[in-house]
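Below, each chain spelled out in residue letters.
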Amino acid sequence: VQLVESGGGLVQAGGSLRLSCAASGFTFSSYAMSWVRQAPGKGLEWVSAINSGGGSTRYADSVKGRFTISRDNAKNTVSLQMNSLKPEDTAVYYCAANSGGLVRSANNYNYWGQGTQVTVSS
């Protein structure tokens, strides 16, 4: 099983980044997917989730209206489009897979990626 994130980097406040997560080794289309982040010195924070079919999404209040989650089950990928980035969005972003359905949680996932760093400068 692998979840490999990409697309992180350094961006100025107000800018955009698109994170991607490529999945392999499990039946991707049967799993809800989430993005979870961890800011320096802080705990895990759930950011967004999408159900297995892609028809239902959820967002943390802190990113609602700025971030968009999507998935392509044909390509086994999930993405997070991040617009209007703020310095407080600086964190390591992880994608995670949950066989139990869409959850608004920073824990209880079957699989995790290794993370990608997002740094937003002011």
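Let us look at the structure shown here. (Residues numbered from 1 in each chain as written. Predicted model: local features only at pLDDT ≥ 70, side-chain atom pairs only at ≥ 80, totals over all residues. Heavy atoms only, no water.)

## Let's talk about the side chain of Ser48
Here is step 1: For Ser48, the position within the fold is in strand E5 (residues 44-50).
Here is step 2: A distance of 2.9 Å separates the side chain of Ser48 from the backbone oxygen of Arg58, its partner in a polar contact.
Here is step 3: Discounting residues that sit within four places of it in the chain, Ser48 has contacts with Met33, Ser34, Trp35, Arg58, Tyr59, Ile69 and Leu80. (Helix = DSSP H or I, 4+ residues; strand = E, 2+ residues; numbered from the N terminus. Polar contact = N/O pair within 3.5 Å; in protein donor to acceptor, adjacent residues only side chain to side chain. Contact = heavy atoms within 4.5 Å.)

## A short note on the sheet that holds strand E8 (residues 77-82)
Hydrogen bonding along the main chain pairs the strands of a sheet, whether they run parallel or antiparallel.
Here is step 1: Overall, antiparallel pairing links the four strands, which are arranged E1-E3-E8-E7 in an open sheet. Both outer strands of the open sheet, strand E1 (2-6) and strand E7 (67-72), are each paired with one neighbouring strand and no more. Strand-to-strand twist of the sheet, defined as the mean angle between neighbouring strand axes without regard to direction, takes the value 15°.
Here is step 2: As paired elements, E1 and strand E3 (residues 17-24) share five bridges and run antiparallel to each other. If you follow Leu3 over to E3, its bridge partner there is Ala23. (Pairing = 2+ DSSP bridges. Axes fitted to C-alpha atoms, helices over the stretch in contact; angles between N-to-C directions.)

## Observations concerning the nonpolar core
It is characteristic of soluble globular proteins that their nonpolar side chains tend to be buried jointly.
Here is step 1: Ranked by size, the top nonpolar core spans 34 residues in total, and within it Leu3, Trp35, Phe67, Val78, Leu80, Met82 and Tyr93 carry the most contacts.
Here is step 2: Every element with two or more residues in this core is listed here: E3, strand E4 (32-38), E5, E7, E8, strand E9 (91-98) and strand E11 (116-121).
Here is step 3: If sequence neighbours within four positions are ignored, Leu80 has contacts with Leu17, Arg18, Leu19, Trp35, Val47, Ser48, Phe67, Thr68, Ile69 and Tyr93. (Core = buried A, V, L, I, M, F, W, Y, C linked by side-chain atoms within 4.5 Å. Buried < 20%, exposed > 50% of the residue type's maximum accessible area, 1.4 Å probe, protein only.)

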